[in-house]
Amino acid sequence: MRLTTKGRYAVTAMLDLALHQGEGPITLADIAKRQGISLSYLEQLFSRLRKRTLVGSVRGPGGGYLLSRSCDEISIAEVIGAVDEKVDTTRCGGDNNCQGNERCLTHDLWNDLSSQIYDYLNQISLNDLMERNGVQQVAQRQDDGRVAEVGFDTPHTTAGVGV
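The structure presented is a predicted model; accordingly, all values stated were derived computationally and were not measured.

Undergrad: Teacher, can you tell me more about the environment of Thr 53 here?
TA: With respect to the helices, strands and loops of the structure, Thr 53 is situated in the loop between helix 3 (39-51) and strand 1 (55-58). For the pair Thr 53 and Leu 67, spaced 14 residues apart in sequence, the C-alpha separation works out to 8.7 Å.

Next comes the structure, spelled out in structure tokens:
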């Protein structure tokens, strides 16, 4: 299975936005600083998230982004899908052409695994993530400015989990 930085960063940024939702519109610059994600890459992601109506934007001084719905109504699968990311463990991307333009022997196994992963991520909301152990402590550390500087100038790189 491959989950690129696009999907990971989208989830991270949306969780950051959810954690700060009571503070009014949140700028992408603030998210970029806290999460170590390049501002230009966040702009690309939030353009897609806005098109899928997961976030809304406020222009002008004091502007930024807000969640369009309650954080318990936004699933992780929805966030990943909004940035055109697929959670797919098949070799063929679900096209049934994994072996010589035909379906391979284990296609159904990997396709079923993809469905299980999607169902799992679809059951987890941003609110669920906010309530997990350690998330609030990490957010507080980031808010205090104790963030390790991470240089992700090449956000198109793939961070994958081999299956």
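Undergrad: Hey, could you run me through the packing of helix 2 (residues 28-35) against helix 3 in this one?
TA: Any two packed helices are characterised by how steeply their axes cross, that is the angle between the axes, and by the distance between the axes. In the contact formed by helix 2 and helix 3, the axes pass within 9 Å of each other and the chain directions differ by 120 degrees. For the element pair helix 2 / helix 3, the angle class is oblique. Judged by the twist between their axes, the crossing of helix 2 over helix 3 is right-handed. Counting all contacts with helix 2, which are made through Leu 28, Ala 29, Ile 31 and Ala 32, the residues of helix 3 involved are Leu 39, Leu 42, Glu 43 and Phe 46. Split by residue class, the contact of helix 2 with helix 3 holds 7 nonpolar, no polar and 1 charged.

Undergrad: Just checking my understanding: could you explain the side chain of Ser 38 for this structure?
TA: Of note, Ser 38 is situated in the loop between helix 2 and helix 3. Within the local environment of Ser 38, its side chain forms a polar contact with the backbone nitrogen of Tyr 41, the two atoms lying 3.2 Å apart.

Undergrad: Explanation requested: the nonpolar core in the structure shown.
TA: A general trend in soluble globular proteins is that nonpolar side chains are found buried together. With 39 residues, the main nonpolar core has Met 14, Leu 17, Phe 46, Leu 49, Leu 67 and Leu 126 as its most contacted residues. Mapped onto this core, the elements with two or more residues apiece are helix 1 (5-19), helix 2, helix 3, strand 2 (64-67), helix 4 (76-82), helix 5 (107-123) and helix 6 (126-130). For this core, the leading source of residues is helix 1, giving 8 residues. The residues touching Leu 17, leaving out its near neighbours within four places in the chain, are Ile 26, Ile 31, Phe 46, Val 55, Tyr 65, Leu 66 and Leu 67.

Here is what the cut-offs are and how they apply
Residues numbered from 1 in each chain as written. Predicted model: local features only at pLDDT ≥ 70, side-chain atom pairs only at ≥ 80, totals over all residues. Heavy atoms only, no water. Helix = DSSP H or I, 4+ residues; strand = E, 2+ residues; numbered from the N terminus. Axes fitted to C-alpha atoms, helices over the stretch in contact; angles between N-to-C directions. Parallel < 35°, antiparallel > 145°, perpendicular 65-115°, else oblique. Left-handed = near helix turned anticlockwise from the far one by under 90°. Contact = heavy atoms within 4.5 Å. Nonpolar A, V, L, I, M, F, W, Y, C, P; charged D, E, K, R; others polar. Polar contact = N/O pair within 3.5 Å; in protein donor to acceptor, adjacent residues only side chain to side chain. Core = buried A, V, L, I, M, F, W, Y, C linked by side-chain atoms within 4.5 Å. Buried < 20%, exposed > 50% of the residue type's maximum accessible area, 1.4 Å probe, protein only.

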